[in-house]
Amino acid sequence: MDKYVMIIRWSDEDGGCVTEVPELPGCMADGNTREEAVKNTEDVIRVWLESEEEDVTGTI
């Protein structure tokens, strides 16, 4: 997988970590721990990239 910047912050409101990937608009995730948030974000990045590829090519 390509490398992307992942911003990780603690959210008192959510009671966990929230992440976003600035290079991929709308790509964000969360988790109860930093590790869980990072794993969830990696999964979301894969889905985001697959969706973008589908939008560009019309196929997966």
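That block above? That's the structure.
This structure is a prediction, so every number in the text was calculated from the model and none was measured. (Residues numbered from 1 in each chain as written. Predicted model: local features only at pLDDT ≥ 70, side-chain atom pairs only at ≥ 80, totals over all residues. Heavy atoms only, no water.)

> Would you mind going over the environment of Asp2 with me for this structure?
Its location among the elements puts Asp2 in the segment before β1 (7-11). The class for Asp2 is exposed, based on a relative accessible area of 55%. Along the sequence, Asp2 and Glu53 sit 51 residues apart, while their C-alpha atoms lie 14 Å from each other. (Helix = DSSP H or I, 4+ residues; strand = E, 2+ residues; numbered from the N terminus. Buried < 20%, exposed > 50% of the residue type's maximum accessible area, 1.4 Å probe, protein only.)

> I tried to follow the sheet that holds strand β3 (residues 28-31) on my own but got confused; where do I start?
Within a beta sheet, neighbouring strands are joined by backbone hydrogen bonds and run either parallel or antiparallel to one another. The strand order across the open sheet formed by three strands is β1-β2-β3, and the pairing between neighbours is antiparallel. If you trace the sheet from one side to the other, it starts and ends with β1 and β3, each paired once. Along the sheet, successive strands turn relative to each other by an average axial angle of 25°, direction set aside. Examined bridge by bridge, β1 and strand β2 (residues 16-20) share five bridges and lie antiparallel to one another. Residue pairing across strands places Trp10 opposite Cys17, the latter belonging to β2. Running at roughly 150° to β3, helix α1 (residues 34-57) makes contact with β1, β2 and β3 of the sheet. (Pairing = 2+ DSSP bridges. Axes fitted to C-alpha atoms, helices over the stretch in contact; angles between N-to-C directions. Contact = heavy atoms within 4.5 Å.)

> What should I look at first to understand the pattern of salt bridges in this one?
Side-chain pairs of opposite charge can arise whenever the charged atoms involved come near each other. Summed over all chains, the structure comprises two salt bridges. Salt-bridge contacts for Lys39 lead to Asp43; the nearest nitrogen and oxygen are separated by 3.0 Å. Residue Lys39 and its partner Asp43 are both found in helix α1; the two are separated by four residues, about one turn of the helix. Taking the relative accessible area as the measure of exposure, Lys39 reaches 49% and is therefore partly exposed. The partner of Asp43 in a salt bridge is Arg46, and the shortest N-O contact between them spans 2.8 Å. With a gap of three residues between them, Asp43 and Arg46 both fall in helix α1, about one helical turn apart. Take Asp43: its relative accessible area is 29%, and that puts it in the partly exposed class. (Salt bridge = Lys/Arg side-chain N within 4 Å of Asp/Glu carboxyl O.)

> When you look at the environment of Glu54 in this model, what are you seeing that I'm missing?
By the element assignment, Glu54 lies in helix α1. Here the alpha-carbon distance between Glu54 and Arg9, two residues 45 residues apart in the chain, equals 30 Å.

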